[in-house]
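Structure assessment
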Amino acid sequence: MQCAMLIIGCDSSMNKQAGVLGATSLVGEELLRQMTQQGWHITAFSRDPRITLHPQIEWRGLKYQDSEKKIVEKKDIPFWLCVAPIWVLPAYFDLLLSFSARRIVVLSSTSRFTKHTSCDMNEQKIADQIISGEEQVQSWASAHHIDWIILRPTLIYGYGRDKNIAQIARFIQRFKFFPVFGSAQGLRQPIHAADVAAACLSALNSCSVTDHCYDLTGGETISYREMVTRIFKALDYAPRIITIPLWVFHMVLWGLHWLPRYRHWTVDMAKRMNQDLIFDDCDTKRDLNIFPRSFSLTAADLPSQNG
């Protein structure tokens, strides 16, 4: 009965009200664009709200203490999407309840699997935060009879703003080469931010799909070395991929840690160049009817030379 009511709500322009947490993130901005095209009216929450005038978007500032404050301007927002880091969502559970949330789509990450056994303590901490976040979302939603969907994308890229492909591209722009450890034949499934946003919106609209976690991959599986080669080509540079031993990586990383942009690079990242980080997305494609693009970079996906 609840899902039937939600489907009616989806079909009515009066009830297409959705809240978005993390609206200024890479995926969040793309999500707002796609949602407005589909006629959604959005209350966009962000710790750094951007004042943009759009008849379908209402911006609200977001702070941790907001979840404990009484909402003065009360309205029902049955549909929610969280594209902020999943571990911050529990701080806003009360906020969502105050808006009568009935269905939520939450962005997580396959890093919960790939970084859980990392030797780097910071990477382990991230994996633990993701795992804990997922568990808290499921327990909270079930306790309050809220439909939930968790999406775990693989390596997200797009618009020169990501921390994956854009980071590699910036390194190449600066140093005109890229170092790899070993053969760098570990498989990857990079997914564009626009496809992640489309999957989130599909999950929100697919009211017959509830209480499930989905791995979300790109439309192509390629090796790490091939991925880097394509970045060189997109930048219109001749590929210069240099294979170096692990002890040299230690030295390179020591030097890079003096540059803020590369401080999060670790030796474990180098080791993973030879590990297959791939996931089965058959259920995702079947249930959400999404088919992400292959890994093909456009100029819009690359950081500016001065970025």
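So, how was this worked out
Residues numbered from 1 in each chain as written. Predicted model: local features only at pLDDT ≥ 70, side-chain atom pairs only at ≥ 80, totals over all residues. Heavy atoms only, no water. Core = buried A, V, L, I, M, F, W, Y, C linked by side-chain atoms within 4.5 Å. Buried < 20%, exposed > 50% of the residue type's maximum accessible area, 1.4 Å probe, protein only. Helix = DSSP H or I, 4+ residues; strand = E, 2+ residues; numbered from the N terminus. Salt bridge = Lys/Arg side-chain N within 4 Å of Asp/Glu carboxyl O. Polar contact = N/O pair within 3.5 Å; in protein donor to acceptor, adjacent residues only side chain to side chain. pLDDT = per-residue confidence, 0-100. Contact = heavy atoms within 4.5 Å. Phe/Tyr/Trp six-rings, centres within 6.5 Å; stacked < 30°, edge-to-face > 60°. Expected span 1.5 Å × (residues − 1). Axes fitted to C-alpha atoms, helices over the stretch in contact; angles between N-to-C directions. Parallel < 35°, antiparallel > 145°, perpendicular 65-115°, else oblique. Left-handed = near helix turned anticlockwise from the far one by under 90°. Nonpolar A, V, L, I, M, F, W, Y, C, P; charged D, E, K, R; others polar. Lys, Arg positive; Asp, Glu negative; His and termini not counted.

Okay, the nonpolar core next. Val-20, Leu-31, Met-35, Leu-81, Leu-151 and Cys-200 are the most contacted members of the largest nonpolar core, which has 35 residues in total. Per element, the largest residue contribution to this core is eight residues, and it comes from helix H7 (residues 193-205). In terms of nonpolar packing, the next biggest core, distinct from the first, is built from 31 residues, Ile-168, Met-227, Val-248 and Leu-256 among them.

Let us now look at the pattern of salt bridges. Using the criterion set out here, one finds 15 salt bridges in the structure. Across the salt bridge formed by Glu-58 and Arg-60, the nearest N and O atoms sit 3.0 Å from each other. The class for Glu-58 is partly exposed, based on a relative accessible area of 27%. On the accessibility criterion, Arg-60 (15% relative accessible area) is buried. As a salt-bridge pair, Glu-220 and Arg-230 come within 2.8 Å of each other at their nearest N and O atoms. Highlighted residues: Glu-220 in the loop between strand S11 (212-216) and strand S12 (222-223) and Arg-230 in helix H8 (residues 224-234), separated in sequence by 10 residues. Relative accessible area serves as the criterion here: at 23%, Arg-230 is assigned to the partly exposed category. A single network of salt bridges, built from pairs that share partners, joins Arg-112, Glu-134, Arg-152 and Asp-215.

On to the side chain of Arg-60. On the secondary structure map, Arg-60 appears in strand S3 (residues 57-61). There is a polar contact of 3.0 Å between the side chain of Arg-60 and the side chain of Glu-58.

Our next topic: the confidence of the model for the protein. Across the protein, the average pLDDT comes to 88, with 90% of residues at or above 70. This stretch, residues 1-9, has a pLDDT under 50; its non-local contacts, to residues over four places away or in other chains, come to 13 contacts. Confidence drops under pLDDT 50 across residues 64-72; counting only partners more than four residues distant or on other chains, this segment forms 14 contacts.

For Ser-100, which is not glycine, the phi dihedral falls at a positive 60°. Structurally, the position occupied by Ser-100 is in the loop between helix H3 (93-98) and strand S5 (103-107). Within the chain, Lys-176 stands out as a residue other than glycine whose phi angle is a positive 65°. With respect to the helices and strands, the residue Lys-176 is situated in the loop between helix H6 (165-175) and strand S8 (178-181).

What follows covers the packing of aromatic side chains. Per the stated rule, a full pass over the model turns up 11 aromatic pairs. Measuring from ring centre to ring centre gives 5.9 Å for Phe-113 and Phe-279, while their planes differ by 40°; the resulting arrangement is tilted. Placement of the pair is Phe-113 in helix H4 (residues 111-114) and Phe-279 in the loop between helix H10 (267-271) and helix H11 (282-288), with a sequence separation of 166 residues. With a relative accessible area of 38%, Phe-113 lands in the partly exposed category. Ring geometry for Tyr-157 and Phe-295: centres 5.0 Å apart, planes at 80°, overall edge-to-face. Here Phe-295 lies in the segment after H11 and Tyr-157 lies in strand S7 (residues 156-157), a separation of 138 residues in the sequence.

Take helix H5 (residues 121-143) next. One turn of an α-helix holds 3.6 residues; hence residues three or four places apart share an orientation. Here H5 is 23 residues long and its end C-alpha atoms lie 33 Å apart, about the 33 Å a rise of 1.5 Å per residue gives. For H5, the set of buried residues is Glu-123, Ala-127, Ile-130, Ile-131, Gly-133, Glu-134, Val-137, Trp-140 and Ala-141. Check the buried side of H5 and you find it contacts H3, S5, H4, strand S6 (147-153), S11 and H10. After H5 finishes, the residue His-145 shows a positive phi value of roughly 55°.

Tracing the chain through its elements places Met-269 in helix H10. Taking C-alpha positions, Met-269 is 9.8 Å from Glu-123, a pair spaced 146 residues apart along the chain. Every residue in contact with Met-269, bar those within four places of it in the chain, is listed here: Glu-123 and His-264.

With that settled, consider the packing of helix H2 (residues 26-37) against H7. Where H2 contacts H7, the axes come no closer than 8 Å and their chain directions differ by 60°. Compared by their axis directions, H2 and H7 come out oblique. You can see that H2 and H7 cross each other, and the crossing is right-handed. Of the residues in H7, those in contact with Leu-26, Val-27, Glu-30, Leu-31, Gln-34 and Met-35 of H2 are Ala-193, Ala-194, Val-196, Ala-197, Ala-198, Cys-200, Leu-201 and Leu-204. Looking at the contact of H2 with H7, its residues break down into 12 nonpolar, one polar and one charged.

Looking at where Asp-268 falls in the secondary structure, it is placed in helix H10. Summary of buried charges: Asp-268 has no salt-bridge partner, and the nearest side chain of opposite charge, Arg-272, is 4.4 Å away. Discounting residues that sit within four places of it in the chain, Asp-268 has contacts with Ser-118, Cys-119, Asp-120 and Glu-123.

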